[in-house]
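# Structural overview
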Amino acid sequence: MKFDLKTLPAKLRPTLLLLKRYIVFMFMIIMLGILGFLVFRVNQYSRAEPSEDAVTEKLQTVQRPKIDQSVLDKIQQLQGQNIQVQTLFDRARSNPFSE
């Protein structure tokens, strides 16, 4: 089979006409395929959970806040001294939407 550049357009013309006829349909199918793939991948990434090793590694790097015992004692002392405010806080905790 010999390829001649002069006869090539005549041989490709039926194929090009068929492609022109269905170009919109093919474009829509390709775009729907890409969109479906993206939805699939996003769904896959949103369900991914970290491994136990990654969780423990992150927990080891977190520095937990430390409260001095003297500060804790002072807060408890102040809480016990003001009974009126304490009842206000207790009432607000039990029903936060009342005025």
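Residues numbered from 1 in each chain as written. Predicted model: local features only at pLDDT ≥ 70, side-chain atom pairs only at ≥ 80, totals over all residues. Heavy atoms only, no water.

### Here's the deal with the overall build of the chain
Condition: The numbering of helices and of strands both runs from the N terminus, where a helix is a DSSP run of H or I of at least 4 residues and a strand a run of E of at least 2. Burial classes follow relative accessibility: with a 1.4 Å probe on protein chains only, a residue under 20% of its type's maximum area counts as buried, one over 50% as exposed, and anything between as partly exposed. Per-residue and other accessible areas follow the Shrake-Rupley method at a 1.4 Å probe size, with only the shown protein chains counted as cover for residues.
What the chain contains, in helices and strands, is five helices and zero strands. Reading the helices (α) and strands (β) of the chain from amino to carboxyl end gives α-α-α-α-α. Sorting the 99 residues of the chain into buried and exposed places 0% on the buried side. In the form shown here, the chain has an accessible surface area of approximately 10,400 Å², with 64% of it arising from carbon and sulfur atoms.

### Some details on the confidence of the model for the chain
Let me state the cut-off plainly: Looking at any residue, its pLDDT shows the predictor's confidence there, from 0 to 100.
On average, residues of the chain score 84 in pLDDT, and 90% of them are at 70 or above. Taking the mean pLDDT of every element in the chain, the minimum, 69, falls on helix H5 (residues 83-94) and the maximum, 95, on helix H2 (residues 23-47).

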